[in-house]
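Fold and geometry: a report
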Amino acid sequence: FILQNFQHRSASTRTNHDHDGRRRGPAQGERIGRAEVEPIRVPSGEKSRITTRERRIPSFPSRRRHSRTARSSRRRRRPTAVSISPARPAEPLLNLPPPAAAANNEMSKDDGGDVDCGEKLVAPPDFSGPASSRRFTDVLCVLLLWGMWISMTGLGIYAMQNGDYRLILYPLDYDGNLCGTDKGKIDMTDFPYLYYVNDYSGGVCVKECPDLGPDLLADPYTLVTYGGLYQVENDETNLTLAANKIRMADYASASNDTLECTEKLCYPYGDPQQSYQSYGVNRGKGFAYYALDTYELMWRCVFTDEATEKLDAIVMPEGEGNLTRDVVDMATQNEDIKRGYNLWHNLFGDLWITRYFILGLGFGAPLVVGFVYAFLLRVPGVLALTVWLSIFATVAIVFAGAWFAGEKASQWKAADPPKYTQREIDVATYGSYALYALGGLLVLLFLFMRKRIQLAMGCVKETGRAILKMPLIILFPVLQGLGFCAFMIAWTVYAAHLASMGEFSTKQFAAGPIAISVRTFEFSDFVKKCGWYMLFCFFWSGQFILAMGEIIFAMAVAKWYFARDKSRIGSLTVVSSITTSIWYHTGTAAFGALLIAIIKMIRSFLAYLQKKADEMNSSIAKAVLCCCQCCFYCLEKIMRFINKNAYIKTAIFGTSFCTSAKEAFFLILR
């Protein structure tokens, strides 16, 4: 919008030039509508020149005296003053750099009562594109950004010295030992996997995840307990697992919370169904659980669906529903973990198998097709034909669907004997009416929006021309992504070590006459506050990288757009835009990113309160917090819109964030 406004205003101002190329401009005192032209002298620190601007004055008899005093001021050539009629309050001189003769954004009312949103944004006579003479903008925000990064690094170093990332990476058993490490009471270096025993996330470290094979899948006569394996003699030898099939650590020699199964506790009367309801198993809330077929995910042994289904058929009492699946889901969140495992396993497997197709067809081919499409956009009629055909096809499909639904409803209604119920016929009939109404609304919408559609097509054409002149601009998001990845590597390392700075605590849960002990990991208030700060660093840094990309893109496109000699524009224009933006305007990007980061932090804290409200089951608190979340979501969208236009203004004129945001806002308001 800014670029189009300047193109239009620049074309109109170029008509007021003499034959020698110098700007003629309106004469002093010349009337332009209800405006009178007055001289404004530029301060001595800038290039000596006299420019003019339109000033609104009320219609009263003092206009002649006002004009005479203005001419008297011009003859005396006072460097910093303009004589104003006493009937009109004096206005301060404009002290703006040449490109910023843009807008006086103070809201006022003229004698007609209309709201004045500032003067129109007019290109100066010597305007030839983005400002070449720039200054550092929003330096304080740059210092704050660097201070944030330095403090984050210091916090990360402190966390690396006092934390252990293995607490986050490796699973924790019921006794506080880290599987696969020597951290804890027992050296678990040879037992890297965790086998879940109950729904309190309590489990034992095993040498490898059990693979019972497709024939066995589940062994209801073998229990994995806190004290080791417990097997029951039975006549069904095909359901018995070998004793060395599951190798787990020796907890009996080092743990004080070891519980061992007995026939009374875990397997009364040798019946699997009574075992499932015993104190030891306790429907998945005890200290023992059955041996099932598993697969490995993040050093955790997750039960397979086939194994749980087979166990259901054996131990589930009739009429009580699918209880075993509920037990498994609580302990391992089976469905979610299964979906996550399938996602990542299939994703990485497919990526590795199809890596050449991805690099070729997924990256190279779209790049070539994109350039070809950008070139075809310059062919007259191609873009318009594509867009309007898509619009007409959309409308035609809606009306065709309406006709088809109505025709089917008529056929169903006339069928003898009837094959469909009256409810189904009514649904098809009313659906046809709804589609006809939707088609009519689309036709009206496209008719009213036709000028905006043509404007959008013009923007797409200009985009194609810019890409063809600056092909390097397509690869800039790759550089932007690399910068974000570099930050994420450091941030992830710091956050992992910080998350490991907790303390072990023991929780006990009653299971009949016995108490089940489970080790948990709790954080101090200091670590929680540091976690919130790390989240703020993540938001600010991520938004800063995005903001720098927007400024660089805006500057490169503006240089191409305003260049009279397009042959001088190329990929080096993108490079110069990168260096200029990083050198001068990192502060502006940091300012805008800081505003978004603050809003996102407020939304994150509201999400935390929403979780607490869910735990408290408070309907009023949940409703209020939901409304607050929606309000801040809208505020974030508004700030993103303002930031984007402020970055464009900064890229063109080199002004600070506040100035750019204010002038861009009033430009859009006008």
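A brief structural summary.

Cut-offs used in this document
- Residues numbered from 1 in each chain as written.
- Predicted model: local features only at pLDDT ≥ 70, side-chain atom pairs only at ≥ 80, totals over all residues.
- Heavy atoms only, no water.
- Salt bridge = Lys/Arg side-chain N within 4 Å of Asp/Glu carboxyl O.
- Helix = DSSP H or I, 4+ residues; strand = E, 2+ residues; numbered from the N terminus.
- Buried < 20%, exposed > 50% of the residue type's maximum accessible area, 1.4 Å probe, protein only.
- Pairing = 2+ DSSP bridges.
- Axes fitted to C-alpha atoms, helices over the stretch in contact; angles between N-to-C directions.
- Parallel < 35°, antiparallel > 145°, perpendicular 65-115°, else oblique.
- Nonpolar A, V, L, I, M, F, W, Y, C, P; charged D, E, K, R; others polar.
- Left-handed = near helix turned anticlockwise from the far one by under 90°.
- Contact = heavy atoms within 4.5 Å.
- Core = buried A, V, L, I, M, F, W, Y, C linked by side-chain atoms within 4.5 Å.

1. Considering the pattern of salt bridges
- Tallied over the entire structure, the rule returns 9 salt bridges.
- Among the ionic pairs, Glu 636 bridges to Lys 600, the shortest N-O distance being 3.5 Å. In this pair, Glu 636 sits in helix α19 (residues 619–653) while Lys 600 sits in helix α18 (residues 586–616), placing the two residues 36 residues apart along the sequence.
- Residue Glu 636 is classed as buried on the basis of its relative accessible area, which comes to 5%.
- Here Lys 649 ties to Glu 663 by a salt bridge, and the two come within 2.5 Å at their closest N and O atoms. Of this pair, Lys 649 sits in helix α19 while Glu 663 is found in helix α20 (residues 657–669), placing the two residues 14 residues apart along the sequence.
- On the accessibility criterion, Glu 663 (7% relative accessible area) is buried.

2. A few points about the sheet that holds strand β8 (residues 218–225)
- Strand order in the open sheet made by the 3 strands is β9-β8-β10, with antiparallel pairing throughout. Only two strands of the sheet have a single neighbouring strand rather than two, namely β9 (228–231) and β10 (288–292). Adjacent strand axes in the sheet meet at a mean angle of 40 degrees, parallel and antiparallel pairs treated alike.
- One ladder, built from 4 bridges, connects β8 with β9; its direction is antiparallel. Note on β9: the bridge partner recorded for Thr 225 is Gly 228.

3. Regarding the packing of helix α15 (residues 476–499) against helix α16 (residues 525–562)
- Closest axis-to-axis distance for the α15/α16 pair is 11 Å, and the angle between their directions is 175 degrees. Overall, the two elements α15 and α16 adopt an arrangement that is roughly antiparallel.
- When grouped by side-chain class, the residues that make up the contact of α15 with α16 number 18 nonpolar, 6 polar and no charged.

4. Remarks on the packing of helix α3 (residues 139–162) against α16
- It is the contact of α3 with α16, at a shortest axis distance of 11 Å, that shows an interaxial angle of 135 degrees. Considering their axes alone, α3 and α16 lie oblique with respect to each other. For the element pair α3 and α16, the recorded crossing hand is left-handed. Contacts between α3 and α16 involve Cys 141, Leu 144, Leu 145, Met 148, Trp 149, Ser 151, Met 152, Leu 155 and Tyr 158 from the former and Phe 526, Cys 530, Tyr 533, Met 534, Cys 537, Trp 540, Ser 541 and Phe 544 from the latter.
- Looking at the contact of α3 with α16, its residues break down into 15 nonpolar, 2 polar and no charged.

5. Points about the pairing of strand β12 (residues 300–303)
- Relative to β12, strand β6 (residues 193–196) is paired through 2 bridges, and the arrangement is parallel. Residue pairing in the sheet places Tyr 195 in a bridge with Cys 301 of β12.
- The pairing of strand β11 (residues 294–297) with β12 spans 4 bridges and is classified as antiparallel. The residue of β12 that forms the bridge with Leu 297 is Arg 300.
- The antiparallel hairpin formed by β11 and β12 contains 2 residues in its connecting segment, where Met 298 sits at a positive phi of about 55 degrees.

6. Digging into the nonpolar core
- Among the nonpolar cores identified, the biggest contains 52 residues, and Met 152, Met 470, Leu 498, Met 534, Trp 540 and Phe 544 are the most heavily contacted of them.
- Contributing elements (two or more residues each) for this core: α3, α15, α16, α17 (571–584), α18, α19 and α20.
- Once residues lying within four places of it in the same chain are set aside, the contact partners of Met 152 are Phe 487, Trp 491, Tyr 494, Tyr 533, Met 534 and Cys 537.
- In terms of nonpolar packing, the next biggest core, distinct from the first, is built from 45 residues, Met 188, Phe 191, Leu 223 and Ala 307 among them.

7. So, the environment of Leu 468
- Within the fold, Leu 468 resides in helix α14 (residues 450–469).
- For Leu 468, a relative accessible area of 26% translates into the label partly exposed.
- The spacing of Leu 468 and Val 372 is 96 residues in sequence and 9.5 Å in space, taken between C-alpha atoms.

8. Topic: the side chain of Asn 177
- Relative to the assigned elements, Asn 177 resides in the loop between α4 (166–169) and β6.
- Given the relative accessible area of 0%, Asn 177 is considered buried.
- In contact with Asn 177, not counting residues within four places along its chain, are Pro 171, Leu 172, Lys 183, Gly 184, Lys 185, Ile 186, Met 188 and Tyr 251.

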